[in-house]
Amino acid sequence: PGPASSPGPARLSEEQRRLVENTEVECYDSLTACLLQSELVNYERVREYCLKVLEKQQGNFKATYRAGIAFYHLGDYARALRYLQEARSREPTDTNVLRYIQLTQLKMNRRSLQREDRNRDVIG
């Protein structure tokens with residue numbers, strides 16, 4: 001019996017697949033927690049890992065909240081607000097979520113006012 005008779009790739013059972021997925025989610029969750037504690041946070045990585053978790057677990061509160069934080073710090077306030085509002089719908093009293101929603105809305109309002117000022121300067 002040579003290589004030609006070797007069996008094909010082993011198939012994982014549904015339970016094994018679920019265990020692998022849960023382990024993967026836990027790893028990404030831990031990685032984002034560590035990244036957010038570092039002195040110079042790599043928000044691109046935080047975003048990437050949170051989105052990977054949300055692909056597998058759409059209802060994951062931490063990943064939703066942290067994705068909102070990442071988008072906020074990357075300057076994508078519309079997406080940040082979307083993720084943060086989703087996090088608030090799951091945990092309506094979480095003060096960190098509420099604080100980031102306020103910060104995001106402030107940034108969006110400032111940006112809107114700056115645009116209006118620029119348009120006024122161009123027209124006037």
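Look up a bit, the structure's there.
Thresholds, definitions, all that
Residues numbered from 1 in each chain as written. Predicted model: local features only at pLDDT ≥ 70, side-chain atom pairs only at ≥ 80, totals over all residues. Heavy atoms only, no water. Core = buried A, V, L, I, M, F, W, Y, C linked by side-chain atoms within 4.5 Å. Buried < 20%, exposed > 50% of the residue type's maximum accessible area, 1.4 Å probe, protein only. Helix = DSSP H or I, 4+ residues; strand = E, 2+ residues; numbered from the N terminus. Contact = heavy atoms within 4.5 Å. Expected span 1.5 Å × (residues − 1). Phe/Tyr/Trp six-rings, centres within 6.5 Å; stacked < 30°, edge-to-face > 60°. Axes fitted to C-alpha atoms, helices over the stretch in contact; angles between N-to-C directions. Left-handed = near helix turned anticlockwise from the far one by under 90°. Parallel < 35°, antiparallel > 145°, perpendicular 65-115°, else oblique. Nonpolar A, V, L, I, M, F, W, Y, C, P; charged D, E, K, R; others polar.

Novice: Is there a simple way to think about the nonpolar core in this case?
Specialist: Ranked by size, the top nonpolar core spans 25 residues in total, and within it Tyr 65, Leu 84 and Tyr 100 carry the most contacts. Of all elements in the fold, only α1 (14–37), α2 (43–56), α3 (61–73), α4 (77–90) and α5 (95–123) reach the threshold of two or more residues within this core. For this core, the element with the most residues is α3, which contributes seven residues. Beyond its immediate stretch of four places on either side in the chain, Leu 84 contacts Tyr 65, Gly 68, Ile 69, Val 97, Tyr 100, Ile 101 and Thr 104.

Novice: Sorry, what's going on with α4 here?
Specialist: Residues lying three or four places apart along an α-helix face the same way, a consequence of the helix completing one turn every 3.6 residues. Here α4 spans 20 Å end to end across 14 residues, near enough to the 20 Å set by a 1.5 Å rise per residue. Along α4, the residues classified as buried are Tyr 77, Ala 80, Leu 81, Tyr 83, Leu 84 and Ala 87.

Novice: Would you explain the packing of aromatic side chains in this entry?
Specialist: Within a pair of aromatic rings, the relevant descriptors are the distance that separates the centres and the angle that separates the planes. Across all of its chains, the model carries six aromatic pairs by this definition. Centre to centre, the rings of Tyr 65 and Tyr 100 are 6.3 Å apart; their planes meet at 75°, and the pair counts as edge-to-face. In this pair, Tyr 65 is assigned in helix α3 and Tyr 100 in helix α5, connecting sequence segments 35 residues apart. Comparing Tyr 65 with Tyr 100 shows no difference in burial state: the two are buried. Put simply, the rings of Phe 61, Tyr 65, Tyr 72, Tyr 77 and Tyr 100 pair up and form one aromatic cluster.

Novice: What's the story with the environment of Asp 29 in this structure? I'm lost.
Specialist: By the secondary structure assignment, Asp 29 is in helix α1. The spacing of Asp 29 and Cys 50 is 21 residues in sequence and 7.3 Å in space, taken between C-alpha atoms. Ignoring sequence-local partners within four residues, the contact set of Asp 29 consists of Val 53, Lys 62 and Arg 66.

Novice: Help me understand the packing of α1 against α3, please; the structure alone is not making it clear to me.
Specialist: Helices that pack against each other are described as a pair by the angle of their axes relative to one another and the distance between those axes. Two elements in contact, α1 and α3, have axes whose closest approach is 11 Å; the angle formed by their N-to-C orientations is 35°. Here the hand of the crossing between α1 and α3 comes out left-handed. Contact residues: α1 offers Asp 29, Thr 32, Ala 33 and Leu 36, while α3 offers Lys 62, Arg 66 and Ile 69.

Novice: Could you clarify how one ought to interpret the packing of α1 against α2 in this entry?
Specialist: One can describe the packing of α1 onto α2 by two numbers: an axis separation of 9 Å at closest approach and a directional angle of 155°. Comparing the axis directions of α1 and α2 gives the class roughly antiparallel. The handedness of the crossing between α1 and α2 is left-handed. Here Glu 21, Glu 24, Val 25, Tyr 28, Asp 29, Leu 31, Thr 32, Leu 35 and Leu 36 of α1 lie close against α2, whose contacting residues are Tyr 43, Arg 45, Val 46, Tyr 49, Cys 50, Lys 52, Val 53 and Lys 56. The class makeup of the residues in the contact of α1 with α2 is 10 nonpolar, one polar and six charged.

Novice: Help me out: how do you make sense of the environment of Arg 88 in this one?
Specialist: Within the secondary structure layout, Arg 88 lies in helix α4. Residue class for Arg 88 comes out partly exposed when judged on its relative accessible area of 34%. For the pair Arg 88 and Tyr 65, spaced 23 residues apart in the sequence, the C-alpha separation amounts to 8.4 Å. If sequence neighbours within four positions are ignored, Arg 88 has contacts with Val 97, Leu 98 and Ile 101.

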